[in-house]
Amino acid sequence: MTDVSDPKTARELKGGTGLRRVINAAGYSMQGFRAAFRTEPAFRQLVLLNAVLLPIALWVDVSPVERALLLLMPLLSLTIELINSSIEHVVDRISLELHPLSKSAKDMGSAAQFMGLVLIVVCWTTILL
């Protein structure tokens, strides 16, 4: 078994330093996007929502700051969904047994995503109406 408390070992486990580490991290990120798209229906739905909203945000006649907000809110919701899915996967990895802390963790992740969707509605409504 590997001792991850050893700084050298931990550094080696992270996949190098400098540019090599950045390249490795980008690859891991792409794997994460593919896994989310493949296994999470909510992520696919948010990708579709982004495919609709982002072009509209580029098309409407608004100030640069408003455009930035219109672009950022749907992307933020995608980010929240990735974190929410990560929480769900970790909880399920630990145990599929019903437990109050597991339920709370999953419910809080879901609540975070709900707030992300509320932010989209509030932001778009405020700017476009």
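See above for the structure.
A. Structural detail: the overall build of the chain. Within the chain, the secondary structure is distributed over 5 helices and 0 strands. Order of helices (α) and strands (β) in the chain, N terminus to C terminus: α-α-α-α-α. Within the span of the chain, comprising 129 residues, buried residues form 22% of the whole. Carbon together with sulfur atoms contributes 70% to the accessible area of the chain, which is approximately 9200 Å² in total.

B. Local environment of helix α3 (residues 41–59). Its 19 residues give α3 an end-to-end C-alpha distance of 28 Å, which sits within 8% of 27 Å, the value for a rise of 1.5 Å per residue. Within α3, burial applies to F43, L46, N50, L53 and A57. On its buried face, α3 is in contact with α2 (18–39), α4 (64–94) and α5 (100–128).

C. Expanded view of the nonpolar core. The biggest cluster of nonpolar side chains holds 10 residues, and these are L53, A57, V60, V62, L70, M73, I120, C123, W124 and I127. Secondary-structure elements contributing two or more residues to this core are α3, α4 and α5. Per element, the largest residue contribution to this core is 4 residues, and it comes from α5. Setting aside chain neighbours within four positions, we find V60 in contact with R67, L70 and L128.

Parameters at a glance
- Residues numbered from 1 in each chain as written.
- Predicted model: local features only at pLDDT ≥ 70, side-chain atom pairs only at ≥ 80, totals over all residues.
- Heavy atoms only, no water.
- Helix = DSSP H or I, 4+ residues; strand = E, 2+ residues; numbered from the N terminus.
- Buried < 20%, exposed > 50% of the residue type's maximum accessible area, 1.4 Å probe, protein only.
- Areas by Shrake-Rupley, 256 points an atom, 1.4 Å probe, with all protein chains shown as cover.
- Expected span 1.5 Å × (residues − 1).
- Contact = heavy atoms within 4.5 Å.
- Core = buried A, V, L, I, M, F, W, Y, C linked by side-chain atoms within 4.5 Å.

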